[in-house]
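Given next are the chains, with one letter for each unit.
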Amino acid sequence: MSSAPMLVPEEVAIRRPRVRGLLSQPLAVVGLVIAVGWLLIAIFAPLIAPYDPLAQDFPLTQAPSREHLFGTDELGRDVLSRVIYGSRLSLPLALLLVALATALGSLLGAMAGYFRSWVDPVVMRTTDLVFAFPAIILAMVVTASLGPNIRNAVLAIVIVAWPSYARVVRGLVLSIGDTEFVHASRLLGSSSRRTLVHDVLPNLAGPVVVLATLDLANAILLLAGLSFLGLGAQPPDPEWGSMVAVGTQYFQYWWMGTFPGLAIFTAVIAFNFLGDSLRDRLDPRGVSRGKHQGVA
Amino acid sequence: MSLLAVDELRVRVATDDRPLQIVDGVSYAVDEGRIFGIAGESGSGKTVSVLALMGLLPRGASVTGTARFEGNDLVSMPSARLREVCGREIGLVFQDPLTSFHPMLSVGRQLTEHLRHHYGTSRTDARGRAVALLEEVRIPDPETALERYPHEFSGGMRQRIAIAGALMCEPRLLIADEPTTALDVTVQAGILRLIDRLRRDRSLSVILITHDLGVMSALADDLAIFYGGRIVEDGPAEELLAAPRHPYTRALLEALPHPETARGAPLHGIPGAPAQPGSLPSGCVFHPRCAYAIESCRTEVPELRRIGDRGLACPVDPFAP
Amino acid sequence: MARDSAAGTESGRPRSRAPWPFFRFLGRRLVALVVLAIGITFVAFVLTQLVPGDPALSALGPVTSADPEAVAAYHEHWGMDKPLPVQYGTYLWNLVQGDLGVSQLSHQPVLDDLRHTIPATMELAFLSIAFAIAVGVPLGVIAAVRQNRASDHALRVVSLAGISMPTFWLALLALYVFFFRLDWFPGGGRLDPGTTPPGEITGLYTVDAVLHGQFSLAWDALHHLILPALVLAAFNVSLITRYTRSAILEVIHDDYVRAARAKGLPERTVVIRHVLRAALPSVITVIGLVFANVLTGAVLVENIFAWPGIGQYAYQASLELDLPAIMGVSLFVAVVYVTVNFVVDVLYGVIDPRLRLT
């Protein structure tokens, strides 16, 4: 019994995550609004964009004006339309990427944590290896060797991203599997699989959701970074990262690089706001604290 | 004049839902060289009341009332001065000797840092004093002990070290919050004997907080029984424990398993659960669990009446002699 | 006055204070490091096997590869006509001797290329990391100590923004504002065009220039360093702030903090000596993370600032599929990362005496 004053009765056992009341956090609201905003822009791009993103009909490198709010680029294309259509590349790809990484990583991590034996060391050493390579180097090498296009970029980032989930899920499975809660359930006769599904999985959801949301932010950044280096999306695709790359070459025409970068920034920050606020609710113990090799 | 005189101490804490009244009008006095026991179950406010005196409650806690320590009121003292005064004149021993030590600082560091801060003592002198105190609390090889870390010691040893640490600045008052609860039964007696001996050797005043009435009977000179943030009975310990008058005290004593009870005799518990702040019953806090409650117990808050050298907060007084 | 050691043995405590458990701890981490390094070489090797075509042709260049003898010699050197495990063995053997192959682009030994590019990145990295720690840790402490007050919320938003900014975009903006518009800083490169670098001692221009007494040269080098280092630091300052904050919040309610206050220690001492020290392991963890981030960020920053570091090298190598170079970079980077983790683990043991028992 703790000597700390019993201010509020302590909650024992496994806590159910509380999503209700999330909206009271301004950060979450802002993040959600921006994220939904971008999703809508992506969906309704053809209706919103003033011009065809690939059309090279306009005067070259014009500063922002009323006809071209974001100006035009070096090939005479409207930057605003390209930025709008860029959301159709970055966002769905990032979502796909995170979904794949989450699925793969969680599965492997759960298996490692639940079945132990040889599965555990194999999975863990693999994650160690992947962690040893900084994301971008590994991604660069993979895309370069498989061919620089956006599909390979996605693949490369999935390879880089899944270990975080594996680690988190494995840790959770191990700690939850060890609680008296689960032991009791087993004693009462639940089979292994039933215990896994009914008792262990629901408590995994919180930290994994937090990790996925924050990873979405990183995925957008990494995807843009690879495209910036020419290893992801290829011209003439209006990918934000590659647009910034071109903007670097023509940096006296500041609008060419600034606006796409701003798009990346706002999309990423939306998911970071959201993920950070979710973390307070769904993962109070901070299990999803990113990838690092602890002492254990 | 008493060393410490607490009058109408109230502690209210703001939480997410609504404010909780944790301590609700507590008054007692601790005299020099005496051991004052505060007994009660969890949630009774016994620890909070003491933390409030020392200004150790988190922000958002409001404390009212007075607590005159050596003539100065602690409650209204500005926090910087309060910290100085308490650090020098009051030693505090926590319940869990593992978590109340910093895991990464050596024992020597943790024993000497406050002495050096308050009195500017040199490192050598402070260490010398620490060694002397460690000897007094019967820690073997005290010089080496200074270089060790808390996790290298057993629970009982750690508690002894904690007591030594609390005495480094020669305080007038030692507050021990559940000092033996986290320890093995076999080790407890040793700690209690230690506290008693130290009290006698230094004319130290002690506030002993515990839920264990057995411990109380061994050590305390005076005793106050806390329940629901209030004192329900107080007085000289021996008298009170021999002839308790409040239904709660009596029930507590009866709940203690007695070594001479006949085998197979049922254990007495107190029906219901201890009152928790935020959901306190109206009137007398104990009335829902009391076998002697009458109608007025539900509506009127009983005052702590003085009967000779004892206090009793029960208008019914079913055990009056 | 020394105590009679007989008393020590009586109580059953060991007399010697040699930290054997700690050495065992170190030893285990070292073994893990070696195992990981070997695993990394294996992965690097496998990666290169994925690339189709005969690497000899691209390694030797179009002229030399017309010569069948040269091609055969290349195959011989790398054991390419032997089965895969033998190839791997040959590769490892060459590696141990310092032979990382020859870069296709520069036609220099990869080892030499690395030796030239690594100091450039290290200079950038050190300045960047130092700045990130110097700013990030105090900000994290402030945010934690003022939890849920206005300053904490503001710092939270700012640091979330910091980790959301694409490094390359920030670099572009920095270049545009500070170079193009304000002309406060140069637009790239390590030195002004036409300047001779200082004689090579460490490879770090600032340090070497100072060691040679060429102070204006040192200033030139520093001047070129500042903008890319700051851009590189932006992400990491935010990361460190957040991690420090949560590390402190995790320990600030622990009992020993309250005990320290009860002793009457001033709040400043409590925060620095007790709270920060307890939070230090987590802070060190994030600094380890920062090292990895810096390498990632370096690729982008070096690209924009035309910095001849290992990031640029890796990038060029990836574009041209310069296999020996890619392998060399991968190995270096992974070894650095693993070493950093090793150092971090060691530091854990130094800071937290409880870990020395494991």
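Residues numbered from 1 in each chain as written. Chains lettered and ligands numbered in written order. Predicted model: local features only at pLDDT ≥ 70, side-chain atom pairs only at ≥ 80, totals over all residues.

*Asks:* So what exactly am I meant to see when it comes to the overall build of chain A here?
*Replies:* What chain A contains, in helices and strands, is 10 helices and 0 strands. Start at the N end of chain A and walk to the C end: the helices and strands fall as α-α-α-α-α-α-α-α-α-α. Burial statistics for chain A: of 296 residues in total, 50% are counted as buried. Taking contacts inside chain A between residues at least 6 apart in sequence as the whole, the part at least 24 apart equals 70%. (Helix = DSSP H or I, 4+ residues; strand = E, 2+ residues; numbered from the N terminus. Buried ≥ 20, exposed ≤ 12 C-beta atoms within 10 Å, placed from the backbone. Contact = placed C-beta atoms within 7 Å.)

*Asks:* I would appreciate a short explanation of the overall build of chain C in the present structure.
*Replies:* Counting its secondary structure elements, chain C contains 14 helices and 0 strands. Looking at the 358 residues of chain C, the share that counts as buried comes to 44%. Of the contacts made within chain C by residues no fewer than 6 positions apart, 70% connect residues no fewer than 24 positions apart.

*Asks:* Before we go on, may I ask you to explain the interface of chain A and chain C in this structure?
*Replies:* Reports often express the size of an interface as the amount of accessible area lost when the parts come together. At the interface, 40 residues of chain A touch 47 residues of chain C. Broken down by secondary-structure element, the contributors of at least two residues to the side of chain A that touches chain C are helix 4 (119-132), helix 5 (135-146), helix 8 (192-228), helix 9 (240-249) and helix 10 (255-282) of chain A. The greatest single-element share of the side of chain A that touches chain C, amounting to 10 residues, is contributed by helix 10 of chain A.

*Asks:* In this structure, what is going on with the sheet that holds strand 4 (residues 61-69) of chain B? I would like to understand it.
*Replies:* The strands that make up a sheet are held in pairs by hydrogen bonds between backbone atoms, and each pair lies either parallel or antiparallel. Residues and elements named next belong to chain B. Ordered in space as 2-1-4-5, the 4 strands form an open sheet in which the pairing is antiparallel. Lying at the two open borders of the sheet, with one neighbouring strand each, are strand 2 (20-30) and strand 5 (72-73). When strand 1 (residues 4-13) meets strand 4, the two strands line up antiparallel, connected through 8 bridges. Bridge pairing in strand 4 places Val6 opposite Ala67. (Pairing = 2+ DSSP bridges.)

*Asks:* Got a minute to help me understand the sheet that holds strand 12 (residues 310-312) of chain B in this structure?
*Replies:* Residue and element names in this part refer to chain B. Strand order in the open sheet formed by 8 strands is 6-7-8-3-9-10-12-11, and the pairing between neighbours is mixed. Sheet topology places strand 6 (90-93) and strand 11 (305-307) at the edges, where each strand pairs with a single neighbour. Recorded for the sheet is a direction-independent mean angle of 20° between the axes of neighbouring strands. Where strand 6 lies against strand 7 (residues 173-177), 4 bridges are found, and the strand directions are parallel. Counted as the bridge partner of Leu92 is Ile175 from strand 7. (Axes fitted to C-alpha atoms, helices over the stretch in contact; angles between N-to-C directions.)

*Asks:* Any chance you could explain the domain arrangement of chain C here in plain terms?
*Replies:* Each domain of chain C was delimited in the assignment, giving domain 1 (53-99) and domain 2 (111-319). Placing a centre on the C-alpha atoms of domain 1 of chain C and another on those of domain 2 of chain C gives a separation of 40 Å. (Domains from an automatic or database assignment.)

*Asks:* I would appreciate a short explanation of the pairing of strand 8 (residues 205-210) of chain B in the present structure.
*Replies:* Consecutive side chains of a regular strand alternate in pointing toward one face of the sheet and then the other. Residue and element names in this part refer to chain B. Most of strand 8 sits out of view: 6 of its 6 residues are buried. With burial as the criterion, each face of strand 8 is covered, one bearing Ser205, Ile207 and Ile209 and the other bearing Val206, Leu208 and Thr210. Sheet topology places strand 3 (residues 35-39) next to strand 8; 5 bridges connect them, and they run parallel. Bridge pairing in strand 8 places Ile38 opposite Ile209. Pairing geometry for strand 7 and strand 8, over 5 bridges, is parallel. Paired with Asp177 across the strands is Ile209, a residue of strand 8.

*Asks:* Help me understand the pairing of strand 2 of chain B, please; the structure alone is not making it clear to me.
*Replies:* All names here are of chain B. Pairing geometry for strand 1 and strand 2, over 8 bridges, is antiparallel. Looking across to strand 2, one finds that Val6 is bridged to Tyr28. Between the antiparallel neighbours strand 1 and strand 2 lie 6 residues.

*Asks:* What should I look at first to understand the nonpolar core in this one?
*Replies:* As a rule of thumb, soluble globular proteins bury nonpolar side chains together. Among the nonpolar cores identified, the biggest contains 276 residues, and A:Ala139, A:Ile157 and A:Ile220 are the most heavily contacted of them. Of the residues forming this core, the biggest block, 20 residues, is contributed by helix 12 (residues 267-304) of chain C. Dropping the residues within four chain positions of it, A:Ile157 is found in contact with A:Leu97, A:Ala139, A:Ala219, A:Leu222 and A:Leu223. (Core = buried A, V, L, I, M, F, W, Y, C linked by C-beta atoms within 7 Å.)

*Asks:* For this particular structure, what's the right way to read the interface of chain B and chain C?
*Replies:* Counting residues at the interface gives 26 residues for chain B and 22 residues for chain C. Among the elements of the structure, helix 2 (79-89), helix 3 (107-119) and helix 5 (142-147) of chain B are those that each provide at least two residues to the side of chain B that touches chain C.

*Asks:* What am I meant to see in the confidence of the model for chain C here?
*Replies:* The predicted coordinates of low-pLDDT regions are not to be read in fine detail. Across chain C, the average pLDDT comes to 80, with 88% of residues at 70 or higher. In this model residues 1-18 of chain C is a low-confidence stretch, pLDDT under 50, and it forms 12 contacts with partners more than four residues away in sequence or in other chains. (pLDDT = per-residue confidence, 0-100.)

*Asks:* Looking at this structure, how should I read the packing of helix 8 (residues 167-181) of chain C against helix 10 (residues 215-251) of chain C?
*Replies:* Packed helix pairs are specified by the crossing angle of their axes together with the interaxial distance, meaning the distance between the axes. All names here are of chain C. Running from N to C, helix 8 and helix 10 cross one another at 140°; their axes reach a closest spacing of 10 Å. The handedness of the crossing between helix 8 and helix 10 is right-handed. Between helix 8, through Thr167, Leu170, Ala171, Ala174 and Phe178, and helix 10, the contact on the second element is made entirely by Leu227, Val231, Ala234 and Phe235. Considering only residue class, the contact of helix 8 with helix 10 consists of 8 nonpolar, 1 polar and no charged. (Left-handed = near helix turned anticlockwise from the far one by under 90°. Nonpolar A, V, L, I, M, F, W, Y, C, P; charged D, E, K, R; others polar.)

*Asks:* Is there a simple way to think about helix 2 of chain B in this case?
*Replies:* Residues spaced three or four apart along an α-helix point in a common direction, a consequence of the helix completing one turn every 3.6 residues. If you check which residues of helix 2 of chain B are buried, you get B:Leu82, B:Arg83, B:Cys86 and B:Gly87. All buried residues of helix 2 of chain B lie within an arc of 125° about the axis, which places them on one face of the element. Exposed residues on helix 2 of chain B whose side chains face more than 90 degrees from its buried face are B:Ala80 and B:Arg81. In this structure, the buried side of helix 2 of chain B is in contact with strand 6 and helix 3 of chain B together with helix 11 (255-262) of chain C. (Arc of directions from axis to C-beta.)

*Asks:* What am I meant to see in the confidence of the model for chain A here?
*Replies:* Residue and element names in this part refer to chain A. Across chain A, the average pLDDT comes to 78, with 79% of residues at 70 or higher. Per-element mean pLDDT across chain A ranges from 66 in helix 7 (residues 180-187) up to 91 in helix 1 (residues 26-43). Per-residue pLDDT stays below 50 along residues 1-19; that stretch engages in 29 contacts with residues further than four places along the chain or on separate chains. Contacts of residues 290-296 to residues separated by more than four positions or lying in other chains number 13 contacts, the stretch itself having pLDDT below 50.

*Asks:* What should I look at first to understand unusual backbone geometry in this one?
*Replies:* What is expected of a backbone is that most residues other than glycine have negative phi and most peptide bonds are trans. Going from A:Pro235 to A:Pro236, the amide bond is cis rather than trans, its omega being 5°. Looking at where A:Pro236 falls in the secondary structure, it is placed in the loop between helix 8 and helix 9. The residue B:Asp317 is not glycine, and still its phi comes out positive at about 45°. Within the element layout of this structure, B:Asp317 appears in the segment after strand 12. B:Asp317 gets classed as partly exposed once you count the C-beta atoms within 10 Å, which come to 16.

*Asks:* It is not clear to me how the environment of A:Ile159 should be interpreted in this structure. Could you clarify?
*Replies:* Residue and element names in this part refer to chain A. As for its position among the elements, Ile159 is in helix 6 (residues 150-177). Along the backbone, Ile159 and Val123 are 36 residues apart, and their C-alpha atoms lie at a distance of 13 Å. When sequence neighbours within four positions are dropped, the list of residues in contact with Ile159 reads Leu138 and Val142.

*Asks:* Mind showing me how you'd approach helix 4 of chain A here?
*Replies:* Taking 1.5 Å as the rise per residue, helix 4 of chain A with 14 residues should run 20 Å; its terminal C-alpha atoms sit 20 Å apart, in good agreement. Taken residue by residue, helix 4 of chain A has A:Val123, A:Thr127, A:Phe131 and A:Ala132 as its buried positions. (Expected span 1.5 Å × (residues − 1).)

*Asks:* In this structure, what is going on with the packing of helix 6 (residues 110-145) of chain C against helix 7 (residues 150-164) of chain C? I would like to understand it.
*Replies:* Residues and elements named next belong to chain C. Helix 7 packs onto helix 6 with a crossing angle of 135° between their chain directions and a minimal axis gap of 8 Å. On the basis of the axis angle, helix 6 is oblique to helix 7. Helix 6 and helix 7 meet at a crossing whose hand is left-handed. Residues Leu139, Ile142 and Ala143 of helix 6 lie in contact with helix 7, whose contacting residues are Ser151, Asp152, Leu155 and Arg156. Its residues assigned to classes, the contact of helix 6 with helix 7 comprises 4 nonpolar, 1 polar and 2 charged. (Parallel < 35°, antiparallel > 145°, perpendicular 65-115°, else oblique.)

*Asks:* Quick question: what am I supposed to make of the environment of B:Gly311 here?
*Replies:* All names here are of chain B. Inspection of the secondary structure puts Gly311 in strand 12. Exposure remark for Gly311: the 22 C-beta atoms within 10 Å place this residue in the buried category. A sequence separation of 301 residues divides Gly311 from Arg10, and the C-alpha atoms of the two residues are 19 Å apart. Every residue in contact with Gly311, bar those within four places of it in the chain, is listed here: Ile231, Glu233, Asp234, Gly235, Leu304, Arg305 and Arg306.

*Asks:* I keep staring at the environment of B:Arg197 and nothing clicks. Help me out?
*Replies:* All names here are of chain B. Here Arg197 shows up in helix 7 (residues 185-202). Take Arg197: there are 13 C-beta atoms within 10 Å of it, and that puts it in the partly exposed class. Residues Arg197 and Glu152 lie 45 residues apart in sequence; the distance between their C-alpha atoms is 26 Å.

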